Amino acid sequence: MSSVLESIAAAGVVPVVAVDVVEHALPLADALLEGGLPVVEVTFRTRAAADVIRLLSKERPQLIVGAGTVLSPETVQTAVACGARFGVAPGLNPRVVRAASETGFPFIPGVATPSEIEQGLELGCSILKFFPAESIGGVKLLKAFAGPYKHTGVRFMPTGGVTAENLSDYLRLPIVAAAGGTWIAKTADMAEGKWGDILQRCKEATGLVQSIRGFSR
Ligand code: 3PG
């Protein structure tokens, strides 16, 4: 597994953000870092996404900045050019996964079914986004997936409906590398400058990761 993916697994939580305004990028990064979360997925859902990734990669190199909602090979190239260190997609598009792998760009495609998991394995993916986690069966479905797929070494990043309330249920599953979600840093909270609230949620999440996993991984 790439060292970036190892770092994501070690962090245990990946804040997923849609940043509307470039000026929010640095206060967001500082809240995440101070709260103990060294990783962020900046989704390509806003016009500011590329500029945010570029700025964070330059100004906060200690933060592992990834690109989310990567739906095309072109977006893979944009993400890499902006300095993103990993990419995430809601689904598994083989063209996108191959474009990422040809560029040496660690990539986490989304899956919801056994067939998609097997496609991801065939494409060489070691972490798969389990999306939309809560709607497709959550912890129960992940436990069922562990049966036939645990021995492959594949691990999942559940995202979609993960919250402070159910985070621990996901983190307790050995097959979960990290949980992702927007609950840490909502776009509306950034618009209102609620950096203290975001910092607090980071601290709660990292506290949970440490209490569940201990300090050994
Ligand atoms: C994603 O893109 O990963 C999801 O939209 C995040 O889902 P959430 O808003 O339920 O955390």
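Notes on the structure follow.

Definitions and limits used
Residues numbered from 1 in each chain as written. Predicted model: local features only at pLDDT ≥ 70, side-chain atom pairs only at ≥ 80, totals over all residues. Heavy atoms only, no water. Helix = DSSP H or I, 4+ residues; strand = E, 2+ residues; numbered from the N terminus. Buried < 20%, exposed > 50% of the residue type's maximum accessible area, 1.4 Å probe, protein only. Contact = heavy atoms within 4.5 Å. Salt bridge = Lys/Arg side-chain N within 4 Å of Asp/Glu carboxyl O. Phe/Tyr/Trp six-rings, centres within 6.5 Å; stacked < 30°, edge-to-face > 60°. Lys NZ or Arg CZ within 6 Å of the ring centre and 35° of its normal. Pairing = 2+ DSSP bridges. Near = heavy atom within 4 Å. Polar contact = N/O pair within 3.5 Å; in protein donor to acceptor, adjacent residues only side chain to side chain. Areas by Shrake-Rupley, 256 points an atom, 1.4 Å probe, with all protein chains shown as cover. Core = buried A, V, L, I, M, F, W, Y, C linked by side-chain atoms within 4.5 Å. Right-handed = clockwise from strand over helix to strand, strands pointing away.

Considering the environment of V111
- Among the secondary structure elements, V111 is positioned in strand 6 (residues 110-111).
- When its relative accessible area of 1% is taken as the criterion, V111 is described as buried.
- Measuring from C-alpha to C-alpha, the distance between V111 and Q200 comes to 31 Å, with 89 residues separating the pair along the chain.
- Here V111 is in contact with P90, L92, E116, I117, L128, K129, F130, F131, I136 and F156, once residues within four sequence places are set aside.

Some thoughts on the pattern of salt bridges
- Inspection of the entire model under this criterion finds six salt bridges.
- Ionic pairing is found between K58 and E59, a salt bridge with its closest N-O pair at 3.4 Å.
- Where R172 meets D169, a salt bridge forms, and the shortest distance between an N and an O atom there is 3.8 Å.
- Accessibility expressed as a relative area gives 55% for R172, which makes it exposed.
- Taking the relative accessible area as the measure of exposure, D169 reaches 38% and is therefore partly exposed.

Points about the packing of aromatic side chains
- Scanning the entire structure with this criterion turns up five aromatic pairs.
- Ring plane angle 45° and centroid distance 6.5 Å describe the contact between F105 and F107, whose orientation is recorded as tilted. Each member of the pair F105 and F107 is classed as buried.
- Aromatic rings pair up to connect F130, F145, Y149 and F156 into one cluster.
- Here the guanidinium or amino end of K129 rests over the ring plane of F131, the centre of that ring lying 4.8 Å away.

Structural notes on the pairing of strand 8 (residues 155-158)
- In strand 8, alternate side chains face the same way, and those of R155 and M157 on one face and F156 and P158 on the other are all buried.
- Bridge count for strand 7 (residues 127-130) against strand 8 is four bridges, and the pairing is parallel. Residue pairing across strands places L128 opposite F156, the latter belonging to strand 8.

Some details on the side chain of S168
- Tracing the chain through its elements places S168 in helix 9 (residues 167-171).
- Taking relative accessible area as the criterion, S168 reaches 13% and is therefore assigned buried.
- With sequence-adjacent residues up to four places away left out, S168 is seen in contact with L208 and I212.

Digging into the site of the ligand
- Near the ligand you find R45, K129, F131, T159, G160, G161, G181 and T182, and these make up its full shell.
- Taking T182, its side chain carries an N or O atom lying 2.5 Å from an oxygen atom of the ligand.
- Protein contacts shield 79% of the accessible area of the ligand, which totals 310 Å² for the unbound molecule.

Concerning the nonpolar core
- Ranked by internal contacts, the top residues of the largest apolar core, which has 63 residues, are V42, L56, F156, I184 and I198.
- Once you skip the residues sitting within four places of it in the chain, L56 turns out to touch A25, L26, A29, V40, V42, P61, L63 and V65.
- Judged by nonpolar contacts, the second largest core, of 15 residues, contains I8, F86, V88 and M157.

What about the pairing of strand 2 (residues 39-43)?
- Of all five residues making up strand 2, five are buried, and the element is well covered by its neighbours.
- Of the two faces of strand 2, the one lined by V39, E41 and T43 and the one lined by V40 and V42 are each fully buried.
- Examined bridge by bridge, strand 1 (residues 13-17) and strand 2 share two bridges and lie parallel to one another. From the neighbouring strand, V17 faces strand 2, where its bridge partner is V42.
- Taking the sense of rotation as the criterion, the β-α-β connection linking strand 1, helix 2 (residues 25-34) and strand 2 turns out right-handed.
- Taken together, the five bridges between strand 2 and strand 3 (residues 64-68) define a ladder with parallel strand orientation. Note that in strand 3 the partner of T43 across the bridge is G68.

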